Every structure is written in structure tokens, then in C-alpha cells.
Amino acid sequence: PGARPSGHFMRRPRRGFTLLEMIVVIAIGGILASIAILAFSTVRGQLATRSAQSNFLSMHAQARAIAVERGALSRFIVDDAAGEVRVEFGADVIDRLSLADEFGVTVNSEGGFTQCFTPRGIAQLSGAGACSTISANQATNVTFTAGNRTTRVEVLPFGQARAIAP
């Protein structure tokens, strides 16, 4: 019935992978992993700076609200060296947030500043007393940096603060 010609051997199906196939798969996996890590670090920096910006604006609004609510001066303090912001009322620290520790961002407002709010919710200017260190004719920019990502906030002389579009 089926005699085999001499010299021909029946091949068994090959099992496993060759070394070349394994190297190609590992190389492709490495390339994909490096792309994913790069994308993740970019998103992480963006989230950190936006979170810091949002918390900064929230605490600035809190300082204004405390002055109105309690009928006396409150202070909003930005400390670049410590990378933190504080809300103070009298001798009490109402709220403190280390943006450097919490979000891993660098805060730069060219040396830090203090802004005081009156019971009417308006910032007291530097000429009106020794409280604020913001001048009446110039806004102060605060920059939050994490990696290659930055966001900014502009603090206006009379007590407003707003995010600056990138």
C-alpha cells in the first residue's frame, strides 16, 4: 500500500521556539514597555502639577473665606523654600499643605509671599500695612513644576487668584 521511498524520513512537528524567535519577542516587549513607562511619567507629572495648582487655588479661597467668616485679617502664605502653602488666622495655622511632599512639585513664586485678606474679603495691600508682601500694581505668578510639566497661577493684588492656561 504505501511504501516509502528510500532516503525520505518523516519529520516530526517542531515543538518550542527558536532562540531567534525568543529574542525578537523580548525586544518588542522591551520597546513597548519603555513607551508605556515614558507615557506614564508624562501623565504623572501633568497630574501632579494640576493637583498642586488646584489645591493652591482652594487654599487661597479658604484664606479669603476665613477672613470674611471671622471678621478679621487672615493670611495666605506661600513658602517657596519649604514648597508649602499655609492659611493662618491670628497665631493659629488653620491649614498647611506641603505641595513638595504631597505632589512632588517644585513651587516657585520668586521668593514666596504673604497675602492678607480683610473681613470684606479684599487683599490688604503692602502700602496699607505690614501684612501683605504683594505690591498694588503687579500680579504675582506661582509656578508648579514636576519633571518637564508646569502649571501656573496668577495671584492678583486685590485678592483674586486664577489658573493661567499653558
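Scroll up to find the structure.
Residues numbered from 1 in each chain as written. Predicted model: local features only at pLDDT ≥ 70, side-chain atom pairs only at ≥ 80, totals over all residues. Heavy atoms only, no water.

**Section: the pattern of salt bridges**
- The full count for this structure, using the stated rule, is 5 salt bridges.
- Where Glu-88 meets Arg-75, a salt bridge forms, and the shortest distance between an N and an O atom there is 3.1 Å. With a gap of 13 residues between them, Glu-88 in strand E2 (residues 84-89) and Arg-75 in strand E1 (residues 74-79) connect regions that are remote in the sequence.
- On the basis of relative accessible area, Arg-75 is assigned to the partly exposed category, the value being 21%.
- For Glu-84, the salt bridge goes to Arg-86, with nearest N and O atoms at 2.8 Å. As far as the burial class goes, Glu-84 and Arg-86 line up, both buried. (Salt bridge = Lys/Arg side-chain N within 4 Å of Asp/Glu carboxyl O. Helix = DSSP H or I, 4+ residues; strand = E, 2+ residues; numbered from the N terminus. Buried < 20%, exposed > 50% of the residue type's maximum accessible area, 1.4 Å probe, protein only.)

**Concerning the sheet that holds strand E9 (residues 161-164)**
- Reading across from one edge, E4-E7-E8-E9 is the order of the 4 strands in this open sheet, with antiparallel pairing throughout. A strand with exactly one partner marks an edge of an open sheet, and here the two such strands are strand E4 (106-108) and E9. Direction aside, neighbouring strands of the sheet carry axes that sit 20° apart on average.
- With 4 bridges joining them, strand E8 (residues 149-155) and E9 adopt antiparallel strand pairing. Paired with Val-155 across the bridge in E9 is Ala-161.
- In the packing of helix H1 (residues 19-70) onto the sheet, contacts are made with strand E7 (140-146), E8 and E9, and the angle to E8 comes to roughly 15°. (Pairing = 2+ DSSP bridges. Axes fitted to C-alpha atoms, helices over the stretch in contact; angles between N-to-C directions. Contact = heavy atoms within 4.5 Å.)

**Digging into the pairing of E7**
- The element E7 is largely enclosed, with a buried count of 5 among its 7 residues.
- Of the pairings in the sheet, the one linking E7 to E8 comprises 7 bridges and is antiparallel in character. Pairing of Thr-145 across the sheet is with Thr-150, part of E8.
- Here E7 folds back onto E8 in antiparallel fashion, the turn holding 2 residues, of which Gly-147 has a positive phi close to 65°.

**Focus on the nonpolar core**
- Core analysis: the biggest nonpolar cluster contains 25 residues, and Phe-56, Phe-76, Val-85, Leu-99, Phe-113 and Phe-144 have the highest contact counts within it.
- With 7 residues, H1 is the single largest residue contributor to this core.
- Residue contacts for Leu-99: discarding those within four places in its chain leaves Ala-52, Gly-83, Glu-84, Val-85, Gly-104, Val-105, Val-107 and Phe-144. (Core = buried A, V, L, I, M, F, W, Y, C linked by side-chain atoms within 4.5 Å.)

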